[in-house]
Amino acid sequence: MDHVLTWMTFLPLLGMAVILCLPAGNHARIKQTALGFTLPTLGLGIWLFAAFDRGVTSFQYVDRVPWIASYHIEYFVGIDGLSIAMVLLTALLCPLCVLASWGIDKGVKGYFALFLLLETGMLGVFVALDFFLFYVFWEVMLLPMYFLIGIWGGARREYAAIKFFLYTFAGSVLLLLSMLVLYFGTEPHRFAMTELMQRSGSFGIECQHLLWLALFVAFAIKIPAFPFHTWLPDAHVEAPTAISVILAGVLLKMGTYGILRINYGILPAATADLAFWLLAALGTFNIVYGALCAMAQTDLKKLVAYSSISHMGYVMLGMAAFTPQGINGAVLQMFNHGTITAMLFLLVGVIYDRAHHRNIDGFGGLAGIMPVYTGVTALAFFAAMGLPGLSGFISEVLVLLGAWQRYPGLTIVAASAIVLTAGYLLWTLQRVWLGAPNEKYLGLAEINARELVTLLPLAAIVVVLGVYPHAVLDLINTSLLHLNEIVKAGAATGLALR
Amino acid sequence: MEPTAVTFVRWIPLLPLAGAIVNGIGGAAIQRRFGKGTIGVLAVTPVAAAFVLSLVAFLRLLALVPEERALLDVVSRWIAIGSLHVDLAFWVDPLSCTLLLVVTGIGGLIHVYSTAYMRDDDAYWRYFAYLNLFTFAMLVLVLADNLLLMFVGWEGVGFCSWALIGFWWREPVNTTAGNKAFIVNRVGDCGFVLGVFALFWALAASGQGTLVFREIQQHAASLEGRVLWGMPVVGLVTLLMFVGATGKSAQIPLHVWLPDAMQGPTPVSALIHAATMVTAGVYMIARLHFLYAMAPATLAVIAGIGAATAFVAATIGLVQHDIKRVLAYSTVSQLGYMFVAMGVGAWSAGVFHLVTHAFFKACLFLGSGSVIRALHHEQDMRKMGGLRTALPATFWTFLIATLALTGAPLSAGFFSKDEILWQAWSSPHGGPPLWMVGVAGAGLTACYMFRQVFLVFFGASRVDPHVAAHVHESPAAMTLPLVLLAAGSLLVGFLGVPALLGGGNRFAAWLAPVFASGHAPAPHAVHDPGLEWTLMVTSVAVAAGGALVAFLIYQRRVLSADTFAAALGGGPYRVLLHKYYLDEIYWAVFGRGVLMLARLGAWFDARVIDGIVNGSATITRGVARLEGRFDDRVVDAIVNRLANGTFALGTRVRRLQTGNINTYLYVVVGAVTLVLIAKLF
Amino acid sequence: MPGVPLQHVLVVALVLFGLGLYTVLTRRNAIGILMGIELLLNAANVNYVAFARYSGSTDGQIFAIFVIMLAAAEAAVGLAIVLGIYRNVESIDVTATHSLRH
């Protein structure tokens, strides 16, 4: 199918245009239109999954046309193993989020229009292979998020929205600067990432380090890595359920995706030098710190937010391992975390919609009131703590196994965090879902069909990938091994440069 | 050795899994529609079928030559990344086959027992879903052909244990016990996975990175002499994996979860916390015996911890009042014996004790369940007594199992425990001190077990009168398993009769091919039979002495328990009663410690890190305000001053516009004159 | 007239100019100022003619005719303006027309 990536990326944008033309009062029609434009995108994603060639390292389904020719800016999109996993994740989560947003009742038109714009931005970031195009899509994502959090969010939504926006934007400035340095510093001046990847030698090793650092800070804000993470708890807590899901499920992956695509691909020598402190050690710290902070939370959503920080630490550690298991585990963890955390936020949304608060100590014994809900929650919680048989285990074990070869000490610290994770998750499960039922909530409605429909596909994926992880691993393996090779080659030339 | 490829073995774990799924998803509806009987059938059938298949596997193995006894069932590829290649594959050799029979056989009996025991519970279907799921996980653990799949089963049984301990989840004390079990197990699991990683990479460095057991065994020799952080790699790996075993098999210091696990239904305690899950650690060491044989330091640690646990747990069991707690500590203690066996390299002795212990401990737990149910869920032994007439079947099976546990001659426990004690003394890794601790433990074991028997079944009845009126024997579904298990406790021992007593130790012979490559200790025939007889008689005598003490205290009332309790100011008694205050210490150090750390982290995050972020925002706003003021007062002032100055200048210059022509003409004339003068000069 | 030195004629012109300047600068009467302007112009004329006579060329005389013509035009326009001002301000005193002053 020709131009499949362009279709996938811009179909939601088309949907946004259609929605803007609809009358604002017809909520049902607006929601159906949104669904009607996100489902085909998912369909295209599934087609891609089937048709993708898993054995090559080159970019597939490439569309490349000049855009702003005088600056050699091109509309250059394509996917490899790394991006297809993220594209699939995005395509999967968006219709589910549209379903989860069914309860929005004010500003419906604006909400879904912004959401579809957001989807275009997200898909564009993952498929863009021209740095300028990448940057444009990166910025396109920010504005809808700002409004989605700031208008449809919770009590402190304006604070959370502006904090998110300014923080990410500050990172984007570094991204812009680095992009320009890369553009002007290489001969001939090009923005295409495939060409930049071959020209990193134009910079001295110190300059490469600085560039890497600048790019890293921009992406670290998104991961989010300590200490650039404090925007996340606020953004997650205040955002509406579906936006939290998309934020945790997709946006956080852009940070690590960016590091893999740009830092690893374009600046491999610096990657090899800086990986220990800035990826492995920082990642391990994320794991432990996120778990500890999660344990102390009383707001259910904030707890899940900190658990996200903890889980993304595994991605960072795995990336830095430069072993096949490590990097595969890292990207698999990106995918798995997207599905598992999406489930967690959807589940929190279920109870918040009914009780209108998220205070952990304010519930109790929900298992007696909403047993099916409890069952799904237990599945999600055990997936989050990496119970073998579910997908989280595979990615965590691959990461830790891969990391042991280079960083055994850090692996020991990271592995010990599984106890902390089990601790806070089981404790929370006990306080909220087990125990004597809280009289205030005896009449709460059980989870309904729509909410189940948003959760079950994710639950199915979590279970299936635990038994058959190669559904995803086969997609990503070839490209990730290639990335590892690039870094190793870069490390060798880096040594020569000194 | 070439394993025989088969495809039926996969159904051994998969049938219980199917049962779990059916009961888990449709159980509530089925129970409403067809009643609890159907649920029971749906639950027992898969396990019974699995038992039949295990027998088939056993017979298939028997049909093979001893050196070729291995069946391999590869279901599918699981993970193949880099040099790591593990499949969903099941491996049946004499060792796993033994465990298979135990898990499915005794598990099946416990399933049958549960159909009657849990009859009054509404969540009947959920119980059986979890019980089937547990059976599945345990079978995966036993059958896995690689370490990662074994870990899936390892944690899977941990999950089911959590679910079943906290089965009556409305009571926080139950769910807390479940959480405690899972978390303490996870501490052990940490060690386990780290050991797996170290093993994989050590093997990879030697040429072949693998986690498949038979391949590890083939390449184990290449690990000789490898060092990591100054320690031999094999020693490190085995030690880390032993940490995992410590957690799963409740050895010191990670034993604290097992007594609390008694919060769960009694059949659960029988199955999971006596017969199967807790033996996983022993099984794992047996599986990897070839590695442990290369690490004498670790073996010493294992033996030491095993012995310490055997002794300490027995002391605690001596003073407990809850009927199940006594048995829980007894389990911990007996597991200690199994680890002593593993620690001295007596692999088959340890596995033998695992098998016999499964029989009599399950029997004891189920018997206690029978008592508890008859007394309407009374578990305090101080409120029991004289029940042997009311509960005859329970009493006799309990007594037989007790005799087996204490090592009464010719019972199963006698043969297995004797084997361990003999190996503890005579093995090159063992020694007399180990034997002495073991014998002391045996004495204590006899003491507390007979204490239990006397308190529960003999003497005057201390049962609450309301309850006493309704005491009656349990239904057949419960007593039949008891009888079968008691029979096993007597008969299974004859599989392992040592050469000393004329037997051929068929059990050890059966397992010999599995352990052949390890540094198995030399068979008995080489050692001193006289010494062996002496040790055997001594240990029996000590056990008998312990039983006698219990008899004197609790039956004949010649000695008083209170004297012992009050000895040395009651301090030692209180220490024992409170389990050496270990739970309190752990909570204070780890529980409170982690919570404090967590709160500190959250405070740090919200106040310091976020404080910096918000502070930077505040500073930016302040700078903006200053800049605004600067803009207003300074920059704008300049502009304004410029305007004002221009205006003032304008005012002054405007005065030239007098409107008076004469003035203008004066100016013109003056200017012309000036120009003329200038031109002249 | 033979023998009248040039300087004498120039002095006459100068005196005329000075008188005209004085008239222009000090009179309050608009017509008076115009008369003064006439004097100035005529003084310039005398100067022109004198130099024409004493240098032999007729350029000066031609200039003088131009100046006379100019003076006539200017007097006519000036008087018309004074007439116009008189109609608005009712006076021919130059100090009366100061409405553009602050």
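Nothing here was measured: the structure is a model prediction, and the numbers come from that model.

Conventions adopted
Residues numbered from 1 in each chain as written. Chains lettered and ligands numbered in written order. Predicted model: local features only at pLDDT ≥ 70, side-chain atom pairs only at ≥ 80, totals over all residues. Heavy atoms only, no water. Helix = DSSP H or I, 4+ residues; strand = E, 2+ residues; numbered from the N terminus. Rg over C-alpha atoms; globule rule 2.2 N^0.38 Å. Buried < 20%, exposed > 50% of the residue type's maximum accessible area, 1.4 Å probe, protein only. Contact = heavy atoms within 4.5 Å. Salt bridge = Lys/Arg side-chain N within 4 Å of Asp/Glu carboxyl O. Patch = residues over 30% accessible without salt bridge, like charges linked within 9 Å, V, L, I, M, F, W, Y side chains within 5 Å. Areas by Shrake-Rupley, 256 points an atom, 1.4 Å probe, with all protein chains shown as cover. Lys, Arg positive; Asp, Glu negative; His and termini not counted. Charge placed at Lys NZ, Arg CZ, Asp CG, Glu CD. pLDDT = per-residue confidence, 0-100. Pairing = 2+ DSSP bridges. Buried area = accessible area lost by both parts, 1.4 Å probe. Axes fitted to C-alpha atoms, helices over the stretch in contact; angles between N-to-C directions. Parallel < 35°, antiparallel > 145°, perpendicular 65-115°, else oblique. Left-handed = near helix turned anticlockwise from the far one by under 90°.

## Observations regarding the overall build of chain C
Consideration 1: The helix and strand inventory of chain C stands at three helices and zero strands.
Consideration 2: The secondary structure elements of chain C, listed N-terminal to C-terminal, are α-α-α.
Consideration 3: Computed over the C-alpha atoms, the radius of gyration of chain C is 17 Å, more than 25% above the 13 Å expected from 2.2 N^0.38 for a compact globule of 102 residues.
Consideration 4: For chain C, the spread of C-alpha atoms along the principal axes amounts to about 55 × 25 × 25 Å.
Consideration 5: Counting over 102 residues, chain C shows a buried share of 23%.
Consideration 6: Counted over contacts in chain C with a minimum sequence separation of 6, partners at least 24 positions apart contribute 57%.

## Focus on the pattern of salt bridges
Residues and elements named next belong to chain A.
Consideration 1: Applying the stated criterion across every chain yields a total of 21 salt bridges over all chains.
Consideration 2: The closest approach of N and O atoms between Asp234 and Lys163, which form a salt bridge, is 2.7 Å. Of this pair, Asp234 sits in helix α9 (residues 231–238) while Lys163 sits in helix α6 (residues 157–185), placing them 71 residues apart in sequence. Side by side, Asp234 and Lys163 carry an identical accessibility label, which is buried.
Consideration 3: Close ionic contact of Arg199 with Glu195 constitutes a salt bridge, the shortest N to O distance being 3.3 Å.
Consideration 4: Residue Glu195 is classed as buried on the basis of its relative accessible area, which comes to 18%.
Consideration 5: Connected through salt bridges with shared partners, the residues Arg64, Glu74, Arg190, Glu195 and Arg199 form a single ionic network.

## Thoughts on a positive patch on the surface
Residues and elements named next belong to chain B.
Consideration 1: Taken together, the side chains of Arg621, Arg625, Arg629 and Arg633 make up a positively charged region of the molecular surface.
Consideration 2: Residue placement: Arg633 occurs in helix α25 (residues 582–654).
Consideration 3: On the accessibility criterion, Arg633 (60% relative accessible area) is exposed.

## What to know about the confidence of the model for chain C
Consideration 1: Per-residue confidence for chain C gives a mean pLDDT of 90; residues scoring 70 or more make up 95%.
Consideration 2: Interface confidence in the predicted complex, given as ipTM, is 0.92; pTM for the same model is 0.86.

## Thoughts on the pairing of strand β2 (residues 71–81) of chain B
Residues and elements named next belong to chain B.
Consideration 1: Relative to β2, strand β1 (residues 4–5) runs parallel, the two sharing two bridges. Bridge pairing links Ala5 to Leu72 in β2.
Consideration 2: Pairing between β2 and strand β3 (residues 84–92): nine bridges, direction antiparallel. Following the sheet pairing, Arg77 is matched in β3 by Asp87.

## Some remarks on the interface of chain B and chain A
Consideration 1: Facing 46 residues of chain B, the contacting portion of chain A comprises 64 residues.
Consideration 2: Both sides together, the interface formed by chain B and chain A hides about 4700 Å², and carbon and sulfur atoms give 75% of it.
Consideration 3: Of all residues in chain B, Ile81, Arg186 and Trp201 of chain B give up the largest surface area on contact with chain A, accounting jointly for 15% of the area buried on that side.
Consideration 4: Remark: the boundary between chain B and chain A carries two salt bridges.
Consideration 5: The closest approach of N and O atoms between Lys163 of chain A and Asp610 of chain B, which form a salt bridge, is 2.7 Å.
Consideration 6: Elements that contribute at least two residues to the side of chain B that touches chain A include exactly β2, β3, α5 (147–165), α6 (172–205) and α25 of chain B.
Consideration 7: If one sorts the elements of the side of chain B that touches chain A by residue count, α6 of chain B sits on top with 14 residues.

## A word on the packing of helix α4 (residues 108–127) of chain A against helix α10 (residues 241–266) of chain A
Residue and element names in this part refer to chain A.
Consideration 1: Their axes nearest at 11 Å, the elements α4 and α10 cross at an angle of 20°. Taken together, α4 and α10 sit at an angle that is classed as roughly parallel. The handedness of the crossing between α4 and α10 comes out as left-handed. On the side of α4, the interface is formed by Tyr111, Phe115, Leu118, Met122, Val125 and Phe126, while α10 contributes Ala242, Ile243, Ile246, Val250, Leu251, Met254 and Tyr257.

## Here's the deal with the environment of Pro227 of chain A
Consideration 1: Take Pro227 of chain A: it is sitting in the loop between α8 (205–222) and α9.
Consideration 2: Under the relative-accessibility criterion, Pro227 of chain A is labelled partly exposed at 32%.
Consideration 3: Between the C-alpha atom of Pro227 of chain A and that of Asn286 of chain A, which follows or precedes it by 59 residues, the distance is 9.1 Å.
Consideration 4: Beyond its immediate sequence surroundings of up to four residues, Pro227 of chain A is in contact with Tyr167 of chain A together with Ile609 of chain B.

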